[in-house]
Amino acid sequence: MDHYDLIIIGTGAGGGTLAHALAPTGKKILILERGSFLPQEKDNWNSHAVFTKAQYTAHEFWKDKDGKVFQPGIHYFVGGNTKFYGAALLRMRPQDFGELRHHGGISPAWPLSYEQMEPYYTKAEHLYDVHGQHGEDPTEGPASADYLFPPVSHEPRIQQLADDLSSLGHRPFHLPLGVRLLEKNRAYSKCIRCSTCDGFPCMMHAKSDAEMMCVRPALEYPNVTLLTGAYVQRLNTDASGKVVKTLEVQHEGLFKEFSADTVVVACGAINSAALLLRSANDKHPQGLANSSDVVGRHYMCHNNSAFMALSKNPNPTVFQKTLALNDFYFSNAQWEYPMGHIQMLGKTDGEIIKGNAPAWAPKFILDQIAHHAIDFWLTSEDLPHPENRVMVDGDDHISLRYTPNNLEGHRRLVLKLQSLLSHINCHQALFKRSVYLNKRIPIGGTAHQVGTVRFGVDAKTSALDINCKAHDLENFYVVDGSFFVSSSAVNPGLTIMANALRVADHLKKVL
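Residues numbered from 1 in each chain as written. Predicted model: local features only at pLDDT ≥ 70, side-chain atom pairs only at ≥ 80, totals over all residues. Heavy atoms only, no water.

Now for the pairing of strand 17 (residues 373-380). For strand 17, the tally of buried residues reaches eight of eight residues, placing the bulk of the element in the interior. With eight bridges connecting them, strand 14 (residues 303-311) and strand 17 associate as antiparallel partners. Paired with A309 across the two strands is I374, which belongs to strand 17. As paired strands, strand 16 (residues 341-344) and strand 17 are joined by four bridges and run antiparallel to one another. Counted as the bridge partner of I342 is L378 from strand 17. (Buried < 20%, exposed > 50% of the residue type's maximum accessible area, 1.4 Å probe, protein only. Helix = DSSP H or I, 4+ residues; strand = E, 2+ residues; numbered from the N terminus. Pairing = 2+ DSSP bridges.)

Next up on the list: the nonpolar core. In terms of nonpolar packing, the biggest core is built from 119 residues, with I9, L32, Y128, L235 and F476 touching the most fellow members. With nine residues, the single largest contributor to this core is helix 10 (residues 493-510). Setting aside anything within four residues of it in sequence, one finds Y128 in contact with A13, T17, Y85, L89, G178, S208, D209, A210, M213, C214 and M497. Grouped together as the second largest cluster of nonpolar side chains are 25 residues, I158, A162, L165 and M339 included. (Core = buried A, V, L, I, M, F, W, Y, C linked by side-chain atoms within 4.5 Å. Contact = heavy atoms within 4.5 Å.)

Here we come to the side chain of N326. Inspection of the secondary structure assignment puts N326 in the loop between strand 15 (323-325) and strand 16. A distance of 3.4 Å separates a polar atom in the side chain of N326 from a polar atom in the side chain of T139. The residues contacting N326, other than those within four sequence positions of it, are R93, D137, T139, F173, G340, H341 and I342. (Polar contact = N/O pair within 3.5 Å; in protein donor to acceptor, adjacent residues only side chain to side chain.)

Here we take up the packing of helix 1 (residues 15-22) against helix 5 (residues 210-218). Two quantities define a packed helix pair, namely the angle between the helix axes and the distance between the axes. Running from N to C, helix 1 and helix 5 cross one another at 45°; their axes reach a closest spacing of 8 Å. Classified by the angle between their axes, helix 1 and helix 5 sit oblique to one another. In terms of crossing hand, the pair formed by helix 1 and helix 5 is left-handed. Where helix 1 approaches helix 5, its residues G16, T17, A19 and H20 are matched on the opposing element by M213, C214, V215, P217 and A218. (Axes fitted to C-alpha atoms, helices over the stretch in contact; angles between N-to-C directions. Parallel < 35°, antiparallel > 145°, perpendicular 65-115°, else oblique. Left-handed = near helix turned anticlockwise from the far one by under 90°.)

In structure tokens:
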């Protein structure tokens, strides 16, 4: 049995970032990833392969609260779900760290403040080559340093959209994006501003995902080892129940055991909770690190909608996802509760529309619709509820029991967008783009999964302490989106990355 100073389970926004931060310590580090390296192939940019066939989506099936089987929109590759994310890397608002009253209930306060997280937001933005401009978004908190790269420029139709919104008194801003783009020196730019970024893997390795920005650089250190195809089935403690002693791993059909002085889980909020639950033992009968009975509970994934508006003029934009609007993020004069965040989506093409259209619809009509489409992504906060939870059955199959909540704010956000259409030279209708999420029922959209192993100062109501170490264990940490107390209304990616850097500073002292 091989022993390491540190084992990290997972290579996504949390695990990959942590590995990068700790690689220079010289400690013997093993990274375990259940997937492989994503193949670099033409189908990376094929809408039919990515969305219709779900070629890269994990071939596994979970159950919902009614026992119905569904395929989650989840990916197992080095880099995790960042291989497919839209690379929108936004900070949570300062108010998101405090208690917020919503129409559907209370969004609880975090055990740390925006000011404590801010230096790590800046480090994460620099590590992931985020392009943007601090100060454009009126709801954003203060930043200790600007982005290293200027915002990704709008193409003409999106610039006109920005101008139209500004003329109405709104304050659109450039969406912060993690792409490896050099607009002023395109000959040396990895990113080519193609139409296949949002929801696709990047065939050019030009997206700032966890594999390219963190895992590969970490592997350049001789003390760091990556084992792919390694599924961690169970974590075992010593006799005292205070220390994670061994990891049971299935690797290429063989059973292996590993041990480490410190173990970090970063499998994603759903799979991390499932791993802890199936690691129950005499000392931890409800699941590992679960004396509080919160592991698996309080699952959040946002209230998300993808919409397509039809522009009266053609929209020849290629790289469309450059604009966002937070004017309705909090309460306003028309409504006393928060609504959420609006941003652009990657550009629709005929193949994407085909996924929602009748089988008899002529392709040339679908292509014409796509040529006039402007695509929006709307995010509103869902609230933590103990019965929205991850569970495992006797055969270790995952059940995801989730009932959407706080929906009124999202409904009003959709209406706000609809009310703007006639002012931005669009027809007065919104069309759902559910195929973008690659899901047949809403529960399958797991891209923004957070909250199942929440952190806090009270061991009775949280599983992790302020440093994301388990209250019940001496050598065990969780650094993916599981630690979230609330979901805010922005993509959780940057907060997961920033928190991993924060925990890394703590672990440097521990190691």
